[in-house]
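Summary of structural features
Read off the chains here:
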Amino acid sequence: MHLVKMNSSREWKPVVVMVAVNFALAMVNLLLKKVLNEGVNQLIIVTYRQSISAIFLAPIAYFWERKSRPELTTRILFQFFFTALIGVTLTQYLFLLGLQYTSATFSCAFMNMVPVNTFLLALPFGLEKVNLKSNGGRAKVLGTLVCISGALLLTLYKGMPLSNPHSQASIHITNHSNMLIPAKKERWAIGSILLAVGCLLWSSWFLIQTRIGKRYPCQYSSTAILNFFGALQSGVLSLMIERNRAMWVLKGKLEILSVMYAGMVGSGLCYVAMSWCLKQRGPVFTSAFTPFIQIFVAIFDFSILHEQIYLGSILGSILVIAGMYVLLWGKINEEAECAKQGQAAEEAPDCNQVLPVTNQPKVVLDQL
């Protein structure tokens, strides 16, 4: 009985961690939206955010992982530089630019496509394998399709307002929709393209980081190095694009606290937690929780910012949660089937592909 409880705890620990991570990232998105409205440059936000995160994690990584840290070779440094460019600099810049061109709710809804992108990108690289003859394989496909349906519903269908139909926010949104002139529509379309590319890069980061995590398994050290390269890259790009030195000055407590929180929590602790979950459960599991950001943002908008909640947001969120539950059940079901096979799991290709980041597939449940 005690062993069953331990396995259950190890099984649900990554779930709790990823829910907490996406709650923190939702707070980051709301705070950064306010900072962008104050006119702060996107690349400057990324530079400060990554710099704060690197400074915050460096001493923790040094003392916590100094005995277990592997040798930092030139090849690993190059891989960190590349993954920082993909998953930090370009992803955050494109997302913030798309956020400025569109809206916070629309941007977060676009991020709901990250789990689907990750799953589809993982298939040709052999990081995920779908066996349609098994219940787990069919559940993974069904969950992916349900997640896509929920994301599309969140994006394309607004529906009727569920409360405060005559609120100031509702009137503002209605007037904004009616005043979308062709130039504004073109700007909205450009923002959508930027968000789509950013989400694709973000999905790619999960796959790349999975490979790097096997060669350099120290989460704190790898995240500190990743953020250092991200700060360096975004700083160079911001100096090339924005020559006005006054843009580097943050004005007001909100801007300073928002950037500090985004750096220490959003780019620091959250990336550490995601790297840990990547090593434990793989890229598809980790990215499957991304739609929770949309749900948390909607809750914050309604309860704190008093924004309007629409029927489409509720229905889409229900579909997203249902799709994630089905997809995760499919992965757990496949893992359980592989674990039951014992020694035969080493020779079965389907079982070896279920958790690509696990070094010993035959004892996969003991490592969760």
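Residues numbered from 1 in each chain as written. Predicted model: local features only at pLDDT ≥ 70, side-chain atom pairs only at ≥ 80, totals over all residues. Heavy atoms only, no water.

1. Topic: the overall build of the protein
For the protein, the helix and strand inventory stands at 14 helices and zero strands. What you see in the protein, going N to C, is helices and strands ordered as α-α-α-α-α-α-α-α-α-α-α-α-α-α. Of all intrachain contacts in the protein linking residues separated by at least 6 positions in sequence, the fraction that spans at least 24 positions is 86%. Summed over all atoms, the accessible surface of the protein reaches about 17900 Å², with 67% contributed by carbon and sulfur. (Helix = DSSP H or I, 4+ residues; strand = E, 2+ residues; numbered from the N terminus. Contact = heavy atoms within 4.5 Å. Areas by Shrake-Rupley, 256 points an atom, 1.4 Å probe, with all protein chains shown as cover.)

2. Quick look at a positive patch on the surface
Taken together, Arg75, Arg211, Lys214 and Arg215 make up a surface patch of like positive charges. If you tally residues by element for the positive patch, the top one is helix α8 (residues 182-215), at three residues. For Arg215, a relative accessible area of 41% puts it in the partly exposed group. (Patch = residues over 30% accessible without salt bridge, like charges linked within 9 Å, V, L, I, M, F, W, Y side chains within 5 Å. Salt bridge = Lys/Arg side-chain N within 4 Å of Asp/Glu carboxyl O. Lys, Arg positive; Asp, Glu negative; His and termini not counted. Charge placed at Lys NZ, Arg CZ, Asp CG, Glu CD. Buried < 20%, exposed > 50% of the residue type's maximum accessible area, 1.4 Å probe, protein only.)

3. So, the packing of helix α2 (residues 42-64) against helix α3 (residues 74-101)
Taken N-terminus to C-terminus, the directions of α2 and α3 make an angle of 135°; their axes are 9 Å apart at the nearest point. Relative to α3, the element α2 is oriented oblique. Viewed along their axes, α2 and α3 form a crossing whose handedness is right-handed. Facing α2, whose interface residues are Gln42, Leu43, Ile45, Val46, Arg49 and Gln50, α3 presents Val88, Gln92, Tyr93, Leu96, Leu97 and Gln100. Residue composition of the contact of α2 with α3, by class: seven nonpolar, four polar and one charged. (Axes fitted to C-alpha atoms, helices over the stretch in contact; angles between N-to-C directions. Parallel < 35°, antiparallel > 145°, perpendicular 65-115°, else oblique. Left-handed = near helix turned anticlockwise from the far one by under 90°. Nonpolar A, V, L, I, M, F, W, Y, C, P; charged D, E, K, R; others polar.)

4. As for the side chain of Ser221
Structurally, Ser221 is set in helix α9 (residues 219-241). Residue Ser221 is classed as buried on the basis of its relative accessible area of 5%. Look past the residues within four positions of Ser221 in its chain and what remains in contact with it is Ala61, Glu65, Arg69 and Tyr216.

5. Regarding the confidence of the model for the protein
Summarising the model, the protein shows a mean pLDDT of 77, and 79% of its residues fall at 70 or more. When mean pLDDT is taken per element in the protein, α2 scores highest with 91 and helix α7 (residues 168-178) scores lowest with 45. Here residues 165-181 is modelled with pLDDT under 50, and outside its nearest four sequence neighbours on either side it reaches 17 contacts, counting other chains as well. (pLDDT = per-residue confidence, 0-100.)

6. What to know about the packing of aromatic side chains
What describes a pair of aromatic rings is the distance from one ring centre to the other and the angle between the planes of the rings. Scanning the model with the defined rule gives 14 aromatic pairs in all. Geometrically, the ring pair formed by Trp202 and Trp205 is stacked, given 5.3 Å between the ring centres and 5° between the ring planes. Placement of both Trp202 and Trp205 in helix α8 is noted, with a separation of three residues, approximately one turn of the helix. Exposure class is identical for Trp202 and Trp205. Each is buried. Members of the aromatic cluster, each reached through a chain of ring pairs, are Phe23, Phe289, Phe292 and Phe296. (Phe/Tyr/Trp six-rings, centres within 6.5 Å; stacked < 30°, edge-to-face > 60°.)

7. Some thoughts on a nonpolar patch on the surface
Taken together, the side chains of Tyr157, Met160, Leu162, Ile314, Leu315 and Ile318 present a nonpolar region at the surface, about 550 Å² in accessible area. Relative to the helices and strands, Leu162 is located in the loop between α6 (135-156) and α7.

8. Some details on helix α10 (residues 253-281)
Spacing of three or four residues puts side chains on the same side of an α-helix, whose turn is 3.6 residues. Along its 29 residues, α10 runs 39 Å from first to last C-alpha, staying within 8% of the 42 Å computed at 1.5 Å per residue. A bend of about 30° at Ala262 is the largest found in α10. Just downstream of α10 lies Gly282, where phi reads positive at about 95°. (Expected span 1.5 Å × (residues − 1). Bend = angle between axes of the 7 residues up to and from the residue.)

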